[in-house]
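Analysis of the macromolecular model
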Amino acid sequence: MIDIVCRRGIRSSVVAIWFFSCLAHPAQSDPRLSMSESARRGEELYDRFGCYQCHGHFGQGGINGPPLVSNVLPYEAFRTFVREPRRQMPPYRDAVLDDGQLKAIHAYVQASGKKPVRDGIPLLRDPGKTR
Ligand code: HEC
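Since this is a predicted model, take the numbers as computed values, not measurements.

With respect to the site of the ligand
C51, C54, G65, R87 and M89 are the nearest of the 23 residues found near the ligand. Looking at which element gives the most residues to the shell around the ligand, the answer is helix α3 (residues 51-55), with four residues. Residues that form the shell around the ligand fall into these classes: 15 nonpolar, six polar and two charged.

Below, the structure is given as structure tokens:
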């Protein structure tokens, strides 16, 4: 009797582990999963440092800032610009945003430019729901 209870216990925990591991990886087609570790960290920093407020969440451009993704500057030029912008953009000095963080943001902007903006909207990713 005890033996049966134990075996059931093991089987249900195997099922539970399988179930929860599926929850941990919701959709294999999630474009964020194809981004490098650095780009994913960059996405978080891009939002935290407010780049999205002017350039849009995907770097597609917004009311206050031009698109960043249509022609992504090489890292050195990107960095120079962010440190010493020419006109309206506020400068982000090293004390506020360090080079490691800026590299990650650059990786995010590059990755973001490679996927269609609508892929970032989970509801629109399921073709069955958009028609
Ligand atoms: C308050 C609005 C604002 C914020 C916040 C902002 N930008 Fe900008 N950004 C601009 C504007 C406006 C320009 C156009 C040039 C100018 O007027 O300075 C620009 C230009 C740029 C450019 C050069 C354009 C190009 O051709 O690629 C880069 C790179 C850039 N921003 C990156 C960033 C990053 C990275 C952040 C966050 C760390 C950021 N910006 C935050 C407004 C902003």
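A word on the environment of P66
The topology assignment puts P66 in the loop between α3 and α4 (75-83). Sequence separation between P66 and G56 is ten residues; the distance between their C-alpha atoms is 8.9 Å.

Here's the deal with the packing of helix α2 (residues 37-48) against helix α5 (residues 99-113)
One way to put it is that α2 packs onto α5 with a least axis distance of 7 Å and a crossing angle of 100 degrees. Considering the angle they form, α2 stands roughly perpendicular to α5. On α5, the residues touching S38, A39, R41, G42, E43, L45 and Y46 of α2 are Q101, A104, I105, H106, A107, Y108 and A111. Considering only residue class, the contact of α2 with α5 consists of eight nonpolar, four polar and two charged.

Digging into the nonpolar core
Counting 16 residues, the largest nonpolar core has A39, I105, A107, Y108, V109 and A111 as the members making the most contacts within it. When residues of this core are traced back to their parent elements, those giving at least two are α2 and α5. Top contributing element to this core by residue count: α5, with seven residues. Other than its neighbours up to four places away in sequence, I105 contacts G42, L45, Y46 and C51.

Re α2
Every α-helix carries 3.6 residues per turn, so stepping three or four residues along brings you back to the same face. Here α2 spans 17 Å end to end across twelve residues, near enough to the 16 Å set by a 1.5 Å rise per residue. Along α2, the residues classified as buried are A39, G42, E43 and Y46. The buried residues of α2 occupy one face: seen down the axis, they fall within an arc of 110 degrees. For α2, exposure combined with an orientation more than 90 degrees from the buried face picks out E37 and R48. On its buried face, α2 is in contact with α3 and α5. Taken from the residues just after α2, G50 is the one with a positive phi, measuring 80 degrees.

Thresholds applied
- Here the residue numbers are simple positions, counted from 1 along each chain's written sequence.
- Only residues with pLDDT of at least 70 get local features here, since the model is predicted, and only at 80 or more are side-chain atom pairs given and counted; chain-wide, interface and lining totals rely on the full set of residues.
- Using the backbone to place each C-beta atom, any residue with that atom within 6 Å of a molecule or strand is considered near it.
- Only DSSP runs of H or I reaching four residues or more are called helices, and only runs of E reaching two or more are called strands; each is numbered from the N terminus.
- Think of it as three bins: nonpolar holds Ala, Val, Leu, Ile, Met, Phe, Trp, Tyr, Cys and Pro, charged holds Asp, Glu, Lys and Arg, and polar takes everything else, Gly as well.
- Angles shown run from 0 to 180 degrees and are taken between the N-to-C directions of axes, each axis being a line fitted to C-alpha atoms and, for helices, limited to the stretch in contact.
- Orientation is classified from the angle alone, with under 35 degrees giving roughly parallel, over 145 giving roughly antiparallel, 65 to 115 giving roughly perpendicular, and any other angle giving oblique.
- We call two residues in contact whenever the C-beta atoms placed from their backbones are within 7 Å.
- For the purposes of this analysis, a nonpolar core is taken to be any set of buried Ala, Val, Leu, Ile, Met, Phe, Trp, Tyr and Cys residues that are connected through C-beta atoms within 7 Å.
- Buried, partly exposed and exposed are defined by the number of other C-beta atoms within 10 Å of a residue's own C-beta, namely 20 or more, between the two limits, and 12 or fewer respectively, with C-beta atoms placed from the backbone.
- For a helix, the expected span equals 1.5 Å multiplied by the residue count minus one.
- Starting at the helix axis, one direction is taken to each C-beta atom, and the arc is that of these directions.

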